[in-house]
Amino acid sequence: MGLIKFIKSLEPLWWSLFGLGGAIAAFLFPAHILIQGVLIPAGILPKDTLQYENFAGLLSSPFVRIYFLALIVFPLYHAAHRIRMTLEDLRIGWLNAILPLLCYGGATAISISAVVVILRLS
Amino acid sequence: MSTPNRPPSTEVTKTYRRPIPNTWWLKKRSTLLFMIREWSSVFVALYALCLLGQLCALSKGAESYNALLAKSLSGASLVLHLVMGVFVLYHMVTWFKISGRIFGSGPLSPGAVTAINYVVWVAASIGVFYWIF
């Protein structure tokens, strides 16, 4: 299990991503969830921004693309680290052996997908 | 003073490990709140995936995006976002509280650091509203 050992040796990296992702989720997610997920569907705010032409126009800016990429990637690593730590407390031997690969590997795979999706935006 | 009973040196003794049930966190309010805080990260990941799904639909074109938009404007989506919002808010409150404990020393008390976090959060939220929407 050299790979697992290597992944575990990158603890400072995972912890840094955990911190950054937690901060992004804390400072930015509530507004996005409230506006996009609650106020617009409830009809309190107009849904114009979410219409295809407007949202595509918004995402045409490279800065907005980087912003959304950060909004997706770093909180995923935050969740990966926290879920790994919480599940390790359950002390399930076979699971603990592969948890670092599952959690950080999963977050990395989804992050790479996010980069591909962003690059495919016209 | 009597000497304690000691087993013969040939006997092997084992350290007693008290069995801890998997439901240990339900026993006290503090550990329950701790576990809720930890599992709030699942909803953080879930919302990140929702955002990714939105961008994925956008990259596939208007038809795909509009189909997803119709679902995201539904009542079920509203309820899902409310649930995610509750846990994300709990993550936010506990994150700011911990930040105060970690960074609150010297001229800034833990309470001051936490208060600064909330001010930055309000500013960031207003920024999100006006910049994105």
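Residues numbered from 1 in each chain as written. Chains lettered and ligands numbered in written order. Predicted model: local features only at pLDDT ≥ 70, side-chain atom pairs only at ≥ 80, totals over all residues.

Asks: I'd like a rundown of the overall build of chain A, residues and numbers included.
Replies: Secondary structure summary: chain A contains 5 helices and 0 strands in total. Start at the N end of chain A and walk to the C end: the helices and strands fall as α-α-α-α-α. Relative to the compact-globule value of 14 Å for 122 residues, chain A shows a C-alpha radius of gyration of 18 Å, a clear excess of over 25%. Taking the principal axes of its C-alpha atoms as reference, chain A extends roughly 50 × 30 × 20 Å. A total of 122 residues make up chain A; the buried ones form 35% of that total. Taking the intrachain contacts of chain A between residues at least 6 apart in sequence as the baseline, contacts between residues at least 24 apart amount to 74%. (Helix = DSSP H or I, 4+ residues; strand = E, 2+ residues; numbered from the N terminus. Rg over C-alpha atoms; globule rule 2.2 N^0.38 Å. Buried ≥ 20, exposed ≤ 12 C-beta atoms within 10 Å, placed from the backbone. Contact = placed C-beta atoms within 7 Å.)

Asks: How would you summarise the overall build of chain B if you had to cite specific residues and measurements?
Replies: Along chain B, the regular secondary structure elements total 4 helices and 0 strands. Secondary structure of chain B in N-to-C order comes out as α-α-α-α. The C-alpha atoms of chain B give a radius of gyration of 25 Å, which is well past the 14 Å a tight globule of 133 residues would have. Principal axes of the C-alpha set define a box for chain B whose edges measure 85 × 45 × 25 Å. Relative to its full complement of 133 residues, chain B shows a buried share of 21%.

Asks: Talk me through the nonpolar core; I want residue IDs and the actual numbers.
Replies: The biggest cluster of nonpolar side chains holds 50 residues, and the ones touching the most others in it are I72, L76, Y77 and A80 of chain A together with V44, Y47 and V88 of chain B. Non-local contacts of Y77 of chain A, meaning those with residues more than four positions away in its chain, are made with L17, F18, G21 and A107 of chain A. (Core = buried A, V, L, I, M, F, W, Y, C linked by C-beta atoms within 7 Å.)

Asks: Please provide a residue-by-residue account of the packing of helix α2 (residues 11-39) of chain A against helix α3 (residues 75-103) of chain B, values included.
Replies: One can describe the packing of α2 of chain A onto α3 of chain B by two numbers: an axis separation of 9 Å at closest approach and a directional angle of 155°. With respect to each other, α2 of chain A and α3 of chain B are oriented roughly antiparallel. Handedness of the α2 of chain A/α3 of chain B crossing: left-handed. Each of G22, A25, A26, F29, P30, I33, L34, G37 and V38 of chain A in α2 of chain A lies in contact with α3 of chain B, whose residues at this interface are L78, H81, L82, M84, G85, V88, L89, H91, M92, W95 and F96 of chain B. (Axes fitted to C-alpha atoms, helices over the stretch in contact; angles between N-to-C directions. Parallel < 35°, antiparallel > 145°, perpendicular 65-115°, else oblique. Left-handed = near helix turned anticlockwise from the far one by under 90°.)

Asks: An account of the confidence of the model for chain B is needed here, citing residue identities and associated values.
Replies: Here chain B averages 90 in pLDDT, and 91% of its residues register 70 or above. The complex prediction reports pTM at 0.89, with the ipTM value standing at 0.94. (pLDDT = per-residue confidence, 0-100.)

Asks: Run through the environment of S41 of chain B, naming residues and quoting values.
Replies: With respect to the secondary-structure elements, S41 of chain B resides in helix α1 (residues 29-60). By C-beta crowding, S41 of chain B is classed as buried, having 27 other C-beta atoms within 10 Å. Sequence separation of S41 of chain B and H91 of chain B is 50 residues, and the distance between their C-alpha atoms is 7.5 Å. Leaving out residues up to four positions away in the same chain, S41 of chain B has contacts with H78, A79, R82 and I83 of chain A.

Asks: Give a detailed account of the environment of V73 of chain A, specifying residues and quantitative values.
Replies: All names here are of chain A. Along the polypeptide, V73 turns up in helix α4 (residues 62-88). With 63 residues separating them in the primary sequence, V73 and L10 have C-alpha atoms 18 Å apart. Discounting chain neighbours no more than four positions away, the residues touching V73 are S111 and A114.

Asks: Any chance you could break down helix α5 (residues 93-120) of chain A for me, citing the residues and the numbers?
Replies: A rise of 1.5 Å per residue sets the reference length of α5 of chain A, with its 28 residues, at 40 Å; its end C-alpha atoms lie 41 Å apart and thus fit the reference within 8%. The sharpest bend along α5 of chain A reaches about 50° and sits at L99 of chain A, with the proline P100 of chain A one to four residues further on. Taken as a whole, α5 of chain A has its buried residues at L99, P100, C103, Y104, A107, S111, A114, V117 and I118 of chain A. On its buried face, α5 of chain A is in contact with α1 (2-9), α2 and α4 of chain A together with α1 of chain B. (Expected span 1.5 Å × (residues − 1). Bend = angle between axes of the 7 residues up to and from the residue.)

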